[in-house]
Amino acid sequence: MTGGLPPHPGLAGGPVYLDYNATTPVDPRVADAMAPYLTALFGNPSSTHPYAERPREALRQARARVGALVGAHPAEVVFTGSGSEANLLAIRGAVLAAGPARPHVITQATEHPAVLETCRALQRLHGIRVTVLPVGADGLLDPDALAAVAGLDTALVSVMAANNETGALQPIAELAAVAHRHGALVHCDAAQAAGKIPLDVDVLGVDLLTVVGHKLYAPKGIAALYVRDGVRLEPVVYGGGQEHGLRAGTENVALAVGLGVAADLAAADLADGAPARIAALRDDLHRRLETGLPGRVHRNGAADRCLPNTLNVSIDGVRGHQVLAAAPAVAASTGSACHSGVHTPSPVLTAMGVPPDRALGALRLSLGRWTTPGDIDTAAAAILAAAA
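Residues numbered from 1 in each chain as written. Predicted model: local features only at pLDDT ≥ 70, side-chain atom pairs only at ≥ 80, totals over all residues. Heavy atoms only, no water.

A. Focus on unusual backbone geometry. Of note, Y217 is a non-glycine position whose phi angle comes to about 75 degrees, a positive value. Its place among the elements puts Y217 in the loop between β7 (208-212) and β8 (223-227). The exposure class assigned to Y217 is buried, which follows from its relative accessible area of 11%. Its identity is not glycine, yet H244 carries a phi of approximately 60 degrees, on the positive side. (Helix = DSSP H or I, 4+ residues; strand = E, 2+ residues; numbered from the N terminus. Buried < 20%, exposed > 50% of the residue type's maximum accessible area, 1.4 Å probe, protein only.)

B. Layout of helix α3 (residues 83-98). Under the 1.5 Å per step criterion, the end-to-end length of α3 is 22 Å for 16 residues, consistent within 8% with the ideal 22 Å. Looking only at α3, the buried set comprises G83, E85, A86, N87, L89, A90, I91, G93, A94, V95 and A97. Immediately beyond the C-terminal end of α3, within one or two residues, lies G99, with a positive phi of roughly 80 degrees. (Expected span 1.5 Å × (residues − 1).)

C. Fine view of the pairing of β8. A large share of β8 lies buried, amounting to five of its five residues. Burial along β8 is two-sided: the residues A223, L225 and V227 and A224 and Y226 are all buried. Bridging between strand β2 (residues 77-80) and β8 involves four bridges; their strand directions are antiparallel. By the bridge assignment, T80 is partnered in β8 with A223. Bridge count between β7 and β8: five bridges; the pairing is antiparallel. By the bridge assignment, V212 is partnered in β8 with A223. (Pairing = 2+ DSSP bridges.)

D. Expanded view of the packing of aromatic side chains. Under the defined criterion, the tally for this structure stands at four aromatic pairs. With centroids separated by 5.1 Å and ring planes inclined at 65 degrees, the aromatic side chains of Y17 and Y20 adopt a geometry described as edge-to-face. Geometrically, the ring pair formed by F42 and Y51 is tilted, given 5.4 Å between the ring centres and 35 degrees between the ring planes. Neither residue differs from the other here; F42 and Y51 are each classed as exposed. Members of the aromatic cluster, joined through ring pairs, are Y17, Y20, Y217 and W370. (Phe/Tyr/Trp six-rings, centres within 6.5 Å; stacked < 30°, edge-to-face > 60°.)

E. Examining the sheet that holds strand β9 (residues 297-299) more closely. Across the sheet, which stays open at both edges, the four strands sit in the order β9-β10-β15-β12 with antiparallel pairing between neighbours. What marks the edges here is a single partner per strand, and that holds for β9 and β12 (333-334). Across five bridges, strand β10 (residues 310-315) lies against strand β15 (residues 362-366) in antiparallel orientation. Paired with T310 across the two strands is S366, which belongs to β15.

F. Layout of the environment of R56. Assignment of secondary structure puts R56 in helix α2 (residues 53-70). Here the alpha-carbon distance between R56 and N44, two residues twelve residues apart in the chain, equals 7.8 Å. Residues within four places of R56 in sequence aside, it is in contact with P45, S46 and S47. Here the side chain of R56 touches P45 through a polar contact of 2.9 Å, landing on its backbone oxygen. (Contact = heavy atoms within 4.5 Å. Polar contact = N/O pair within 3.5 Å; in protein donor to acceptor, adjacent residues only side chain to side chain.)

G. The packing of helix α9 (residues 274-292) against helix α13 (residues 373-387), seen in detail. Across the interface, α9 lies against α13 with an axial gap of 10 Å and an inter-helix angle of 25 degrees. Classed by the angle they form, the pair α9 and α13 counts as roughly parallel. Crossing angle aside, the handedness with which α9 passes α13 is right-handed. Side by side, α9 and α13 meet where L281, D284, L285, R288, L289 and G292 of the first sit next to P373, I376, D377, A380, I383 and L384 of the second. (Axes fitted to C-alpha atoms, helices over the stretch in contact; angles between N-to-C directions. Parallel < 35°, antiparallel > 145°, perpendicular 65-115°, else oblique. Left-handed = near helix turned anticlockwise from the far one by under 90°.)

H. Layout of helix α4 (residues 113-126). The end-to-end C-alpha distance of α4 is 19 Å, a good match for the 20 Å that 14 residues give at a rise of 1.5 Å each. Buried residues of α4: A114, V115, L116, T118, C119 and L122, and no others. Of the surrounding elements, those touching the buried residues of α4 are α3, β3 (104-108), β4 (129-133), β5 (154-158) and β6 (185-189). Downstream of α4 by a residue or two, G127 has a phi angle that is positive, lying close to 70 degrees.

I. How the structure looks around the pairing of β6. Burial analysis of β6 places four of its five residues in the buried class, which makes it a mostly covered element. The pairing of β5 with β6 spans three bridges and is classified as parallel. What sits directly across from L156, in β6, is L185. With helix α6 (residues 172-181) bridging β5 and its parallel neighbour β6, the resulting β-α-β unit is right-handed. For β6 and β7, the ladder comprises three bridges, and the chain directions are parallel. Each bridged residue has a counterpart across the sheet, and for H187 the counterpart in β7 is L208. (Right-handed = clockwise from strand over helix to strand, strands pointing away.)

In structure tokens form, the structure reads like this:
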């Protein structure tokens, strides 16, 4: 945490970084751990000679570290090249392995496109029936809504742990219990949640869970999929049998090492009370915005079921992209998507029933390991001035 960390070299001198949900800076301790595997320790971990020994052991340790972060056995961890690939392996892999007896997948409306587009591809290419359930105004899926559509033909239910825009925390354990009553597998995209809140795959009751490196201070290009022992999946890459035969190709040892060290650091942060520290900073920012713009600031999503680092607010009378353009001291995201210069409301906020004007005025402010009280001072002042 910031109390014992030097300033991050990538953040020094730049605007206040409040876009940790988009990507995190690589922790220098992660980069240091990776470096030997980019130079001296170059061996292929599948080889049998001495050059393979250290890389092979490094992979083993990385698998154990990632597993420990989510309560999984090391043998249940499969490394992939991204969260999108991990989601693809989980969803496509489970549905194809289930065969024609279970041609049904259930997900919900505010999932990441990596999940929604994979489901649509299964529908288009394999004739799979896809049910996309609505969420409430708080962004949460009602377990009763799942119970109403799940059946013995359902192969998989895929619901994210935490939303990337609002931070909404889904009732995964309750949803998993419903799905399992019908014999369906449960996949959880935990890209945003892993490292920010405690996660345990047994407590959640999930069969598949996605962890993404660049969301927890490891580099881009590395992720992992937890696959519960005994769960069958169709491979995502065919070939030499690496990653339990589910993802062929020589492993990127350096990136796997980075993800493993990042998982260790995240576990230490959780044990040291990092979520409470981050939540206090977020809540301070929220209070300052509400005080400075009385009656104009509206929080999107439930405050009591939210990631500790995420604040999604709409400001009446302005557009989010215009606020950020007028506040160069802050690097954050908006509640809209821009296509050829035309801004449209976020599909996540739209699915929650947020009116278009309010959705276009949204800001996603996400904090992280290097966020300081001074950053909150600067960001609040800049946003207030830009939105006045």
